[in-house]
Amino acid sequence: MTLKEAQARVDAWIGQFREGYFPPLLMLARLAEELGEVARVLAHREGKKPKPGEPEGDLAEELADLLFVLISLANREGIDLEEALEKALAKYEARDKERWSRKDSQ
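This write-up is about the structure you can find in this document. (Residues numbered from 1 in each chain as written. Predicted model: local features only at pLDDT ≥ 70, side-chain atom pairs only at ≥ 80, totals over all residues. Heavy atoms only, no water.)

Let us now look at the packing of aromatic side chains. Taken as a whole and assessed by the stated rule, the structure comprises 2 aromatic pairs. Here Trp13 and Phe17 contribute two aromatic rings whose centre-to-centre distance is 5.0 Å and whose plane-to-plane angle is 65 degrees, an arrangement assigned as edge-to-face. Taking the relative accessible area as the measure of exposure, Trp13 reaches 46% and is therefore partly exposed. A residue is classified by how much of its surface remains accessible, and Phe17, at 38% relative accessible area, is partly exposed. Where Trp13 meets Phe68, the ring centres are 6.0 Å apart and the plane angle is 75 degrees; that geometry is what we call edge-to-face. Highlighted residues: Trp13 in helix 1 (residues 3-14) and Phe68 in helix 3 (residues 59-76), separated in sequence by 55 residues. Judged by its relative accessible area of 31%, Phe68 is partly exposed. Ring-pair connections join several aromatic residues into one group, and the members of that group are Trp13, Phe17 and Phe68. (Phe/Tyr/Trp six-rings, centres within 6.5 Å; stacked < 30°, edge-to-face > 60°. Buried < 20%, exposed > 50% of the residue type's maximum accessible area, 1.4 Å probe, protein only. Helix = DSSP H or I, 4+ residues; strand = E, 2+ residues; numbered from the N terminus.)

Pasting the structure below:
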């Protein structure tokens with residue numbers, strides 16, 4: 001599925017409901033909440049502060065939840081994520097091309 005397809009699918013799903021998209025600050029809170037869940041899974045995996053008996057959690061599921069909210073925010077704000085990602089990748093490729101040691105150079 002492309003980002004455009006994902007954005008269309010999320011929009012179609014949310015479009016079924018009268019409430020529609022959450023306001024931007026509530027979406028920001030949801031992003032923070034979902035990011036916290038990603039952090040909890042990673043912390044659990046790394047042995048940092050797991051609660052006794054707490055299951056590790058599913059990183060893929062938590063990342064997908066985070067992506068869903070991010071797509072929702074982009075849709076609400078009229079942002080084409082494919083276009084935005086292309087611009088971001090071009091920025092990183094130009095800005096950071098000499099920042100780290102390449103695997104192909106010893």
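Okay, back to it.
This part is about the pattern of salt bridges. All told, the structure shown has 8 salt bridges when counted by the stated rule. Among the ionic pairs, Arg45 bridges to Glu56, the shortest N-O distance being 3.0 Å. A residue pair is termed long-range when its members are at least 10 positions apart, and Arg45 in helix 2 (residues 24-45) and Glu56 in the loop between helix 2 and helix 3 qualify at 11 residues. Judged by its relative accessible area of 46%, Arg45 falls in the partly exposed class. The partner of Glu83 in a salt bridge is Lys87, and the shortest N-O contact between them spans 3.6 Å. (Salt bridge = Lys/Arg side-chain N within 4 Å of Asp/Glu carboxyl O.)

Its 15 residues give helix 4 (residues 81-95) an end-to-end C-alpha distance of 21 Å, which sits within 8% of 21 Å, the value for a rise of 1.5 Å per residue. For helix 4, the capping residue at the N-terminal end is Asp80, with a side-chain oxygen 3.0 Å from the backbone nitrogen of Glu82. (Expected span 1.5 Å × (residues − 1). Polar contact = N/O pair within 3.5 Å; in protein donor to acceptor, adjacent residues only side chain to side chain.)

Moving on, we get to the packing of helix 1 against helix 4. For the pair helix 1 and helix 4, interaxial distance at closest approach is 8 Å and the crossing angle is 145 degrees. Contacts between helix 1 and helix 4 involve Leu3, Lys4 and Gln7 from the first element and Leu81, Glu82 and Leu85 from the second. Considering only residue class, the contact of helix 1 with helix 4 consists of 3 nonpolar, 1 polar and 2 charged. (Axes fitted to C-alpha atoms, helices over the stretch in contact; angles between N-to-C directions. Contact = heavy atoms within 4.5 Å. Nonpolar A, V, L, I, M, F, W, Y, C, P; charged D, E, K, R; others polar.)

Once that is clear, we can look at the environment of Leu42. Tracing the chain through its elements places Leu42 in helix 2. C-alpha of Leu42 to C-alpha of Arg76: the two residues are 34 residues apart in sequence and 29 Å apart in space.

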